Amino acid sequence: MRRDDRMSITIRGADLNDVPLLGKMNSRLVDDQGTDNTWPLSKYEERFREWLQKGPWQVDVILEKGQIAGYAIYQLRADYFYPEQPVIFVRQFYIEREHRRRGLGRAAFQDLIDKRFPEGYDAIALDVMAANTGGQQFWTKLGFATYFVAMKRDVSP
């Protein structure tokens, strides 16, 4: 994407009218991550509705040429290991499949940093599912490095 093409990207706070589309995109994000979450679409929508009405997450939509092409969910909070250091924690960042591989994600994330993230943070942190190799590659290209590896073991039969 050429620098002047970034002018076609707009980021705004999401509102309740965006919830049906946000729920669908969140479901597609789960598919892309390689997880087997079996939530119905209504559960994703309910979660977005709650975040928009009560917080504590900031939910933004990413528009390309006026059409929603993705979204981001983030908040300012304490670092995992150094609680005295505030970080922006990105819970979810998603670009619709048909908008990928043209630099939109990179440009949109830079716009989030420049225009939307609150001031006063020392770093940006996020989690990437182990099965999501495409996501890991994307974030590595943006300068992110592995900070720690979290592991999980199910104990149910």
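Residues numbered from 1 in each chain as written. Predicted model: local features only at pLDDT ≥ 70, side-chain atom pairs only at ≥ 80, totals over all residues. Heavy atoms only, no water.

Draft legend 1. Quick peek at the environment of Asp127. Within the secondary structure, Asp127 is located in the loop between strand E5 (123-126) and helix H4 (133-141). Under the relative-accessibility criterion, Asp127 is labelled partly exposed at 47%. Counting along the chain gives 20 residues from Asp127 to Tyr147, while the straight-line C-alpha distance between them is 9.5 Å. Ignoring anything within four residues of it in the chain, the contact list for Asp127 reads Tyr80, Phe89 and Val90. Within the structure, Asp127 has its side chain in polar contact with the side chain of Tyr80 (distance 3.3 Å). (Helix = DSSP H or I, 4+ residues; strand = E, 2+ residues; numbered from the N terminus. Buried < 20%, exposed > 50% of the residue type's maximum accessible area, 1.4 Å probe, protein only. Contact = heavy atoms within 4.5 Å. Polar contact = N/O pair within 3.5 Å; in protein donor to acceptor, adjacent residues only side chain to side chain.)

Draft legend 2. Looking closely at the environment of Ile62. Structurally, the position occupied by Ile62 is in strand E2 (residues 58-64). Classification of Ile62 by relative accessible area gives buried; the value is 0%. Excluding anything up to four places from it in sequence, Ile62 contacts Ile9, Thr10, Ile11, Gln67, Ile68, Ala69, Gly70, Tyr71, Phe93, Tyr94, Ile95 and Ala108.

Draft legend 3. Just unusual backbone geometry, in detail. With omega at 5 degrees, the peptide bond leading from Gly55 into Pro56 counts as cis. The topology assignment puts Pro56 in the loop between helix H2 (41-54) and E2. With a phi angle near 50 degrees, Lys65 is a residue other than glycine that sits in the positive phi range. Relative to the helices and strands, Lys65 resides in the loop between E2 and strand E3 (67-78). Even without being glycine, Arg101 reaches a positive phi, approximately 70 degrees.

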